[in-house]
Amino acid sequence: MKRIQYHQYGGPHLMRLEDFELAMPNKGEVAVRVKFAAINPIDWKLRAGSMKIVTGKTFPRAMGMDISGTVIAIGPGVARFKIGDPVFGLARFKESGALGQAVVTREIFLAKKPETVSFEDAACLGTPGATAWNGLVDKAELKAGERVFINGCTGGVGEAAVQIALMRGATVSGSCSAGAMERARSLGVQTVFDYRTTDLSTIRERFDVVYDTAATMPIAVGTGLLREKGRFLDINPTPAKFVRAMFNRRLKVVVCTPRADILDNLARAAKDGKIRLPIAEIVPLTEAIQLITALEAGRRLGGKALIGMD
């Protein structure tokens, strides 16, 4: 089988499409033949070595987190899936491997794909959906009737957060580029600000939750937009922020932490038409390195980029 991998940490020139041998799944693991993989910024951040304290020094290392596909093998103790099941979800953080023809991941990082949801749409849900859920539900404990501001409301995590907030009965405002404002309104964002022309610190409205899904909002600005018991969700974790959050109950640092219950909820929401992320481009695995390189260099698509394995 083939996958995209690299033999040392560094820039995009290090990516290679190479043969590899798929391991047999261990206890609690599932092997998936990948149909589609979605590209996320975390893919090239891991390759660049930003998390090498976690990912380690063993090479070659695979790339990619978000997948849809079909179960081809199960490890001991796996009860949620059987061979042939259509699934979607995430690869293991340390090992990655979604950008390949097959991958082994943990059972709890997958959910069954609903029949009415395409493999393409399902591949988009993993990282954005789990990250949005981690912030709004796990960290902020968002309740019906609360007011939410989402910075970057038309990005991958941003759009997922808008839709999950609406599912929870919240009212949503947000910021995005001028060209994406109509898209934001169509999602249900009531008040939309152009981040290029608006000083967000001057917004007069106050919110129960502010979610910086774009990782561009200073903590002081985010907390300044909060009501008395508001929560600011920061998607750009650093050791200093974790320490600061221990002493500031209004600051919540969000790290993508997928779980079976989150993915099952996303599956139900997708089946009911309550969550869907736009797809901008699909290319074959042989063209994946070129597309990843362009996205890393700043190319904007206005939707998810997918790699098709067939």
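Thresholds, definitions, all that
Residues numbered from 1 in each chain as written. Predicted model: local features only at pLDDT ≥ 70, side-chain atom pairs only at ≥ 80, totals over all residues. Heavy atoms only, no water. Helix = DSSP H or I, 4+ residues; strand = E, 2+ residues; numbered from the N terminus. Rg over C-alpha atoms; globule rule 2.2 N^0.38 Å. Buried < 20%, exposed > 50% of the residue type's maximum accessible area, 1.4 Å probe, protein only. Contact = heavy atoms within 4.5 Å. Core = buried A, V, L, I, M, F, W, Y, C linked by side-chain atoms within 4.5 Å. Pairing = 2+ DSSP bridges. Axes fitted to C-alpha atoms, helices over the stretch in contact; angles between N-to-C directions. Phe/Tyr/Trp six-rings, centres within 6.5 Å; stacked < 30°, edge-to-face > 60°. Lys NZ or Arg CZ within 6 Å of the ring centre and 35° of its normal.

Colleague: Could you give an account of the overall build of the protein chain, with specific residues and numbers?
Modeller: Per the secondary structure count, the protein chain includes ten helices and 16 strands. Relative to a compact globule of 310 residues, whose C-alpha radius of gyration would be 19 Å, the protein chain shows 19 Å and is just as compact. Taking the principal axes of the C-alpha coordinates as reference, the protein chain spans close to 55 × 40 × 40 Å. Per-residue burial over the protein chain gives 52% buried out of 310 residues. A fraction of 67% describes how many contacts in the protein chain between residues 6 or more apart in sequence connect residues 24 or more apart.

Colleague: Lay out the nonpolar core in plain terms, naming residues and giving numbers.
Modeller: If you look at the biggest cluster of nonpolar residues, it comprises 51 residues, and the most contacted ones within it are Phe88, Leu136, Val148, Ile150, Ile164, Tyr211 and Ile275. Residues within four places of Val148 in sequence aside, it is in contact with Leu136, Leu142, Ala165, Ala170, Thr171, Val172, Ser173, Phe207 and Val209. Trp44, Met63, Ala91 and Ile307 belong to the second largest nonpolar core, which has 31 residues in total.

Colleague: Could you give an account of the pairing of strand S7 (residues 102-106), naming the residues involved and the relevant values?
Modeller: Across the five residues that make up S7, a large majority, four, are buried. In the sheet, strand S3 (residues 29-38) pairs with S7 via five bridges, with the strands oriented antiparallel. Bridging across to S7, Ala31 finds its partner in Val104.

Colleague: So what about the sheet that holds strand S13 (residues 226-234)? Which residues, and what values?
Modeller: With respect to topology, six strands assemble into an open sheet ordered S11-S10-S9-S12-S13-S14, the strand pairing being parallel. Every other strand in the sheet has two partners, leaving strand S11 (191-194) and strand S14 (251-253) as the edge strands with one partner each. Each adjacent strand pair in this sheet contributes to an overall mean axis angle of 15°, direction not counted. As paired elements, strand S10 (residues 171-176) and S11 share four bridges and run parallel to each other. Residue pairing across strands places Ser175 opposite Phe193, the latter belonging to S11. On the sheet, helix H8 (residues 239-247) packs against S13 and S14 and is oriented at approximately 140° with respect to S14.

Colleague: Can you explain unusual backbone geometry? Please cite residues and give values.
Modeller: Of note, the amide linkage connecting Phe59 to Pro60 takes the cis form, showing an omega dihedral of 0°. Here Pro60 shows up in the loop between helix H2 (52-55) and strand S4 (61-62). Non-glycine residue Ser96 carries a positive phi angle of around 50°. Turning to its location among the elements, Ser96 is positioned in the loop between strand S6 (86-90) and S7. Overall, Ser96 belongs to the buried group, its relative accessible area being 5%.

Colleague: Give me the lowdown on the side chain of Gln5, citing residues and values where you can.
Modeller: Topologically, Gln5 is positioned in strand S1 (residues 2-6). For Gln5, a relative accessible area of 4% gives the class buried. In this structure Gln5 touches Leu14, Met15, Arg16, Glu18, Asp19, Phe20, Pro60, Arg61 and Ala62, once residues within four positions along its chain are discounted.

Colleague: Go over the sheet that holds S1, please, and point to the residues and values.
Modeller: In spatial order, the strands read S2-S1-S4; together these three strands make up an open sheet with antiparallel pairing. Whereas interior strands pair on both sides, the edge strands pair on one side only; in this sheet they are strand S2 (16-19) and S4. With two bridges joining them, S1 and S4 adopt antiparallel strand pairing. Each residue of the ladder has a partner; that of Gln5, found in S4, is Ala62.

Colleague: Lay out the packing of aromatic side chains in plain terms, naming residues and giving numbers.
Modeller: As enumerated under the stated definition, the model contains five aromatic pairs in all. Ring centres of Tyr9 and Phe59 lie 5.0 Å apart, and the angle between their planes is 75°; this geometry places the pair in the edge-to-face category. Note that Tyr9 is positioned in the loop between S1 and S2 and Phe59 in the loop between H2 and S4, a separation of 50 residues in sequence. Seen from their ring centres, Phe149 and Phe207 are 5.3 Å apart, and the 55° between their planes marks the pair as tilted. Of the two residues, Phe149 is situated in strand S9 (residues 147-151) and Phe207 in strand S12 (residues 207-212); the sequence distance between them amounts to 58 residues. Judged by its relative accessible area of 0%, Phe149 is buried. Over the ring of Phe20 we find Arg3, and its NZ or CZ is 4.4 Å from the ring centre. Note that Lys113 overlies the ring of Phe119, its terminal NZ or CZ placed 4.6 Å from the centroid.

Colleague: Could you give me a rundown of the pairing of S1, with the residues and numbers involved?
Modeller: The buried fraction of S1 is high, at four of five residues. Note that S1 and S2 share four bridges and pair antiparallel. Residue pairing in the sheet places Gln5 in a bridge with Arg16 of S2.

It is worth stressing that arrangement in space is one thing and function is another; only the former is reported here.
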